[in-house]
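Residue-level listing of the chains:
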Amino acid sequence: MIAEIIINTIAKELNKTYDYIIPDSILKDIKIGSRVFVPFGKTKIQEGYVIEIKSESEFANKEILKIEDSILNKDNINLAKLMSKRYFCNISDCIKLMLPPGSSTKNLENRIKEKTGYMVYLKKEIEEIEFDIENQNIKSEKQKRILKFLFENQGIHILDLELITDTSRNIIKTLEKNGYLEIIEEKIERNPFINKNIITDKALILTKEQMEAYKKISVSKYNEFLIYGVTGSRKN
């Protein structure tokens, strides 16, 4: 399979696609919108964006080196193409406007990294842990509190576990050392709208003045109009 790549550059002469072979190792992950690293020129490695995937090409003779991420999609790429034509700029410039802040700089060390956290899971079966509690193999009340909480709340962030159970990191680490828990570093999915109640706007009723203006415009033979009015008066 072949990917058409737009190189991330401000050079006008490079505002075109280049074909690269998709290695089998990334074939299942790559898609339109993926950001990738590709060999470019004699010695350079450049960042680029996948804008099309096709089955073959007579021009492809180099492979994609690595996928950086796939936060964009086909709609983003199509919009970037439209913006490029309308505003006479590089497609890559338009694509960069759609990337999260801090992720478009070419200095990789300065890019925003994916947020990760340490999540806590039970390592032993609940029945085995309950047996150890009943037989006094686990005597600490705080350790019992942590384990019983995890019976119903697996995969909780370690800081939240400390706060909710009123315990400490050392107690959690002791349970990990004794084989009851495991602490795994995981990517934290962040959705800024997950807890927001988004209220959908309802159709607004035109005022008397707005209705008069609308009626005059709707029967006019002209296609463009200049409407005078105070800023914020909903002329649009």
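Scope of this entry: the structure provided in the associated data block. Since the structure is predicted, the reported quantities are computational estimates derived from the model, not experimental observations. (Residues numbered from 1 in each chain as written. Predicted model: local features only at pLDDT ≥ 70, side-chain atom pairs only at ≥ 80, totals over all residues. Heavy atoms only, no water.)

### Here's the deal with a negative patch on the surface
On the surface, Glu125, Glu127, Glu130 and Glu134 cluster together to form a negatively charged patch. The exposed category is assigned to glutamate 125, whose relative accessible area is 56%. (Patch = residues over 30% accessible without salt bridge, like charges linked within 9 Å, V, L, I, M, F, W, Y side chains within 5 Å. Areas by Shrake-Rupley, 256 points an atom, 1.4 Å probe, with all protein chains shown as cover. Salt bridge = Lys/Arg side-chain N within 4 Å of Asp/Glu carboxyl O. Lys, Arg positive; Asp, Glu negative; His and termini not counted. Charge placed at Lys NZ, Arg CZ, Asp CG, Glu CD. Buried < 20%, exposed > 50% of the residue type's maximum accessible area, 1.4 Å probe, protein only.)

### A closer look at the nonpolar core
Counting 18 residues, the largest nonpolar core has Ile129, Ile146, Leu147, Leu150 and Leu181 as the members making the most contacts within it. At the level of secondary structure, the elements contributing two or more residues to this core comprise strand 6 (116–122), helix 3 (126–134), helix 4 (141–152), helix 5 (158–165), helix 6 (169–177) and strand 8 (181–187). Per element, the largest residue contribution to this core is four residues, and it comes from helix 4. Other than its neighbours up to four places away in sequence, leucine 181 contacts Val120, Tyr121, Leu122, Lys123, Ile146, Leu147, Leu150, Ile172, Leu175 and Glu176. Counting 14 residues, the second-largest nonpolar core is a separate cluster that includes Ile30, Val36, Phe40 and Ile64. (Core = buried A, V, L, I, M, F, W, Y, C linked by side-chain atoms within 4.5 Å. Helix = DSSP H or I, 4+ residues; strand = E, 2+ residues; numbered from the N terminus. Contact = heavy atoms within 4.5 Å.)

### Section: the sheet that holds strand 2 (residues 17–21)
Read from one edge to the other, the open sheet built from five strands follows the order 2-1-4-3-5, with strand pairing classed as antiparallel. Edge positions in the open sheet fall to strand 2 and strand 5 (66–69), since each of these has one partner strand only. Across the sheet, the mean angle separating the axes of adjacent strands is 45° when strand polarity is ignored. (Pairing = 2+ DSSP bridges. Axes fitted to C-alpha atoms, helices over the stretch in contact; angles between N-to-C directions.)

### Brief notes about the sheet that holds strand 6
One open sheet accounts for three strands, arranged 7-6-8; its pairing is antiparallel. If you trace the sheet from one side to the other, it starts and ends with strand 7 (156–157) and strand 8, each paired once. Sheet analysis places strand 6 next to strand 8, joined by seven bridges and oriented antiparallel. For glycine 117, the partnering residue across the bridge sits in strand 8 and is glutamate 186.

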